[in-house]
Amino acid sequence: MKSIRLNRVVITALMGIAGIFFILPFLWMLSASFKPELEVMTYPIQWIPSTWRIIENYSQVWLGSIPFGLYYLNSIKVTLLTTALSLVISAMAAYGFSKVHFIGRDAVFILVLATYMIPHQAILVPQFIMFRWLGLFDNHMSLVLLGASGVLGTFLLRQFFMGVHNEIIESARIDGANHWRIFFRIGLPLVKPALSTYMILRFIWTWNDYQNPLIFLRTDSLFTLQLGIRKFADFNGEFYSLMMAGAVSAILPLLIIFIIGQKQVIEGVASGSVKG
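Quantities reported herein were computed from a predicted structural model and do not represent experimental measurements.

**Q** Sorry, what's going on with the packing of helix α9 (residues 166-174) against helix α10 (residues 179-190) here?
**A** Two measures define how a pair of helices packs: the angle their axes make with one another and the distance between the axes. Where α9 contacts α10, the two axes come as close as 10 Å, and the packing angle between them is 125°. Classed by the angle they form, the pair α9 and α10 counts as oblique. Here the hand of the crossing between α9 and α10 comes out right-handed. Within the contact between the two elements, α9 uses I168, I169, A172 and R173 and α10 uses H179, I182 and I186. For the contact of α9 with α10, the per-class residue count stands at five nonpolar, one polar and one charged.

Okay, structure coming up:
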């Protein structure tokens, strides 16, 4: 027992040290966003600024010549719509592949999984041609539709739906419930941890997406935050304090969404380990 406890203490200490190293770049970025430009590159690193320029730095980011706030709102709009639509489509597909019996179900599911092996860059040109033909080029809806179908989300949620006992589904069917009612009233509440996990992943992927907005958007007023930061860097790239202030502003929604959903993620990991 003593050796097991000692191992746990050692592992915890090592993980704590690793966690400190992982968080140091973020702490430096946060500290640099509060400093005047001349103090950013001082060595040794001065973690606590001698002169605070929080208001000045963040004011130049949000109220400067670059419409940072507009880009921020565009990213929020695209990310929320994409995440919501992807959750609905992935959950419906996962339920169909796990609890609805039809001819060729497993073969279709394998075919869907096989599409995950295709590199995204390989289908960019067909996607570009198709969306331009549909009149969705230079439109936020193109970004929403591109991220709406998630093979990984379908696979993840299907594994959780497979853990829902068929007896529960059959009892609901006997009571007269159809698949739609079973899906919304029984299925979704039981896989809520998996939904939260995929929601966080999809939110992060969409928020950080740079390639799709770069290709499918041309109008400056439609730019998302990632394109906006690139434009901001072109104008202020030599001012690292301003760049760090913009970067801190950009990651705030990611921190918020993780803090809100981390409880469900932990529950999902715990329930998955118990089932295994």
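**Q** Hey, could you run me through helix α7 (residues 140-148) in this one?
**A** Note: α-helices contain 3.6 residues per turn, so residues at a spacing of three or four share the same orientation. The element α7 is largely enclosed, with a buried count of seven among its nine residues. Summarising the contacts, the buried residues of α7 are in contact with α4 (68-99), α6 (124-133), α11 (192-208) and α12 (211-216). With a side-chain oxygen positioned 2.8 Å from the backbone nitrogen of M141, the residue opening α7 is N139.

**Q** Looking at this structure, I do not really get the packing of α4 against helix α13 (residues 225-236). What am I missing?
**A** In the contact formed by α4 and α13, the axes pass within 8 Å of each other and the chain directions differ by 155°. For the element pair α4 / α13, the angle class is roughly antiparallel. Between α4 and α13, the residues in contact are F68, Y71, Y72 and S75 and L225, Q226, G228, I229 and K231, respectively. Taken together, the residues that form the contact of α4 with α13 break down as five nonpolar, three polar and one charged.

**Q** Sorry if this is basic, but what is going on with the environment of S249 here?
**A** You can see S249 is positioned in helix α14 (residues 240-275). Separated by 35 residues in the primary sequence, S249 and L214 have C-alpha atoms spaced 20 Å apart. What S249 contacts, discounting residues up to four positions off in sequence, is Y58, W62, F68 and Y72.

**Q** Hey, could you run me through the pattern of salt bridges in this one?
**A** Pairing between side chains of opposite charge can happen when their charged atoms approach one another. Summed over all chains, the structure comprises two salt bridges. A salt bridge links D106 to R105; the shortest N-O distance between them is 3.7 Å. With a relative accessible area of 45%, D106 lands in the partly exposed category. Residue R105 is classed as buried on the basis of its relative accessible area of 14%. The residue D220 makes a salt bridge to K231 at a minimum N-O spacing of 2.6 Å. Taken as a pair, D220 in the loop between α12 and α13 and K231 in helix α13 lie far apart in primary sequence, 11 residues in all. Here D220 falls in the partly exposed class, since its relative accessible area comes to 29%.

Rules of the game
- Residues numbered from 1 in each chain as written.
- Predicted model: local features only at pLDDT ≥ 70, side-chain atom pairs only at ≥ 80, totals over all residues.
- Heavy atoms only, no water.
- Axes fitted to C-alpha atoms, helices over the stretch in contact; angles between N-to-C directions.
- Helix = DSSP H or I, 4+ residues; strand = E, 2+ residues; numbered from the N terminus.
- Parallel < 35°, antiparallel > 145°, perpendicular 65-115°, else oblique.
- Left-handed = near helix turned anticlockwise from the far one by under 90°.
- Contact = heavy atoms within 4.5 Å.
- Nonpolar A, V, L, I, M, F, W, Y, C, P; charged D, E, K, R; others polar.
- Buried < 20%, exposed > 50% of the residue type's maximum accessible area, 1.4 Å probe, protein only.
- Polar contact = N/O pair within 3.5 Å; in protein donor to acceptor, adjacent residues only side chain to side chain.
- Salt bridge = Lys/Arg side-chain N within 4 Å of Asp/Glu carboxyl O.

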